[in-house]
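Chain and residue survey
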Amino acid sequence: MAHLPEQYLQLFPILQTHTMLASCSQSALAEPVSRAIQDYHDSLLHRGTNWKEAIEKTESARNEFAKLIGAEPDEVAIVPSVSDALVSVASALSVFRKKHVVYTEMDFPAVSHVWQAQCDYHISVIPSIDGVMPLEQYETHISEETVLTCVPHVHYRDGYVQDIKAIAEISQRKGSLLFVDAYQSAGHIPIDVKEWGVDILAAGTRKYLLGIPGVAFLYVRKELADALKPKASAWFGRENGFDGAYAKDARRFQTGTPAFISIYAAAAALSLLNHIGVSYIRNHVKTICADACHYAAAKGLQLASAQGGVQPGMVAIRDERASETAELLKKKKVICAPRDEVIRLAPHFYNTKEDMRHAIDEIAVKMIDK
Ligand SMILES: Cc1ncc(COP(=O)(O)O)c(C=O)c1O
């Protein structure tokens, strides 16, 4: 596998002092993204107005995200967060008479929070089996009564990767719509919504998409978007701003003025990612994670990442005091992301095999000390 030219690594000043391995939570800030944030600030500071430019940036971010997932720009709505994306989707389903919703034990808790608040839906939660989610689970739990099946592309806690194309086939055969939470995959695993047959997909920008919080993207398949009337919709979801008609495409899922500063960041970040190419990133991340899994096991650390299936893009290490360990690592300038009783090492294209080994060495020392 060819290495990226050094100039790409130099885009991340923090790499000179820190080992950054928290892409599953917040990735490193690249200079073009930092400059974009500064541009937003400067436009207000020095020119006093930036509305036209901000709208252009919004369209640019939409185009770049559409390119990243193989969609048309009109199939992408800009929303504040992945949670908001799902709330909007939930607000649009009453056109279907079915009242059964399915999600999985591997979904981020926000998915459960959204559905628990929707009192008129009957919910089934698909359990995982020994840390994996066999396709038979979907065959069993999705029924003809299911209006929507929610699945994460990648499990937020251990990086387990699901076969979305196969799940989409089952969901479609049973007559359910499929919502994919791609927040833990977009930016390091290639996504092709058309090829996979995905109806709806959402991802935010602060993890592998190299951005900051405040903006997320919601893909809704064109024919589906046109048939839905989200109750969570307002002037950014209208044909003409002040006109009462729903926009003719996924924009109808938008509400008010987006967090433009985050959009500036997202447009720059997505352009960088598309330039590098997610297939390259996947191969690189997969390779260094495979090496790190062997290295961690040889050091006697217990892996929480499912073994034997598709290679995850993160290495999750069991540690009852994960938050404490992450704080100790921070003092050594190693930035990782603890979650529950697991330390997640989540590299990106700017990381090396040595970064992962260095973090594992530090974790192993802390575990012995405890
Ligand atoms: C897989 C996944 N989905 C959703 C969320 C929540 O996203 P948001 O805060 O944008 O609603 C997270 C946050 O960490 C996540 O990891």
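The structure this text deals with has already been given above.
Residues numbered from 1 in each chain as written. Predicted model: local features only at pLDDT ≥ 70, side-chain atom pairs only at ≥ 80, totals over all residues. Heavy atoms only, no water.

1. Observations concerning the packing of aromatic side chains
Considering all chains together, one arrives at 12 aromatic pairs under this definition. Geometrically, the ring pair formed by tryptophan 51 and tryptophan 235 is stacked, given 6.4 Å between the ring centres and 15° between the ring planes. Taken together, the residues span a long stretch of sequence, with tryptophan 51 in helix H3 (residues 51-69) and tryptophan 235 in the loop between helix H9 (222-227) and helix H10 (260-276) at a distance of 184 residues. With relative accessibility at 35%, the residue tryptophan 235 sits in the partly exposed group. For the ring pair tryptophan 51 and phenylalanine 260, a centre distance of 5.4 Å and an interplane angle of 90° mean the geometry is edge-to-face. Of the two residues, tryptophan 51 sits in helix H3 while phenylalanine 260 sits in helix H10, which places them 209 residues apart along the sequence. Residue tryptophan 51 is classed as partly exposed on the basis of its relative accessible area of 41%. Clustering of aromatic rings is evident, with ring pairs tying together Trp51, Trp235, Phe236, Phe242 and Phe260. The positively charged end of arginine 238 is found above the aromatic ring belonging to tyrosine 246, 4.6 Å away from the centroid. (Phe/Tyr/Trp six-rings, centres within 6.5 Å; stacked < 30°, edge-to-face > 60°. Helix = DSSP H or I, 4+ residues; strand = E, 2+ residues; numbered from the N terminus. Buried < 20%, exposed > 50% of the residue type's maximum accessible area, 1.4 Å probe, protein only. Lys NZ or Arg CZ within 6 Å of the ring centre and 35° of its normal.)

2. So, the packing of helix H4 (residues 82-90) against helix H5 (residues 109-116)
At a minimum axis separation of 10 Å, H4 and H5 run at an interaxial angle of 30°. Our pair here, H4 against H5, has a crossing hand that is right-handed. On H5, the residues that touch Ser83, Leu86, Val87 and Ala90 of H4 are Ala110, Val111, Val114 and Trp115. Grouping the amino acids of the contact of H4 with H5 by side-chain chemistry returns 7 nonpolar, 1 polar and no charged. (Axes fitted to C-alpha atoms, helices over the stretch in contact; angles between N-to-C directions. Left-handed = near helix turned anticlockwise from the far one by under 90°. Contact = heavy atoms within 4.5 Å. Nonpolar A, V, L, I, M, F, W, Y, C, P; charged D, E, K, R; others polar.)

3. Quick word on the pattern of salt bridges
One pass over the full model with this rule turns up 23 salt bridges. The salt bridge partner of glutamate 169 is arginine 173, with a shortest N-O separation of 3.0 Å. Here arginine 173 and glutamate 169 lie together in helix H7 (residues 164-174), a separation of 4 residues that amounts to about one turn. Owing to a relative accessible area of 42%, glutamate 169 belongs among the partly exposed residues under this scheme. On the basis of relative accessible area, arginine 173 is assigned to the partly exposed category, the value being 48%. Ionic contacts of the salt-bridge type, sharing partners, join the residues Glu59, Arg62, Asp74, Asp249 and Arg251 into one network. (Salt bridge = Lys/Arg side-chain N within 4 Å of Asp/Glu carboxyl O.)

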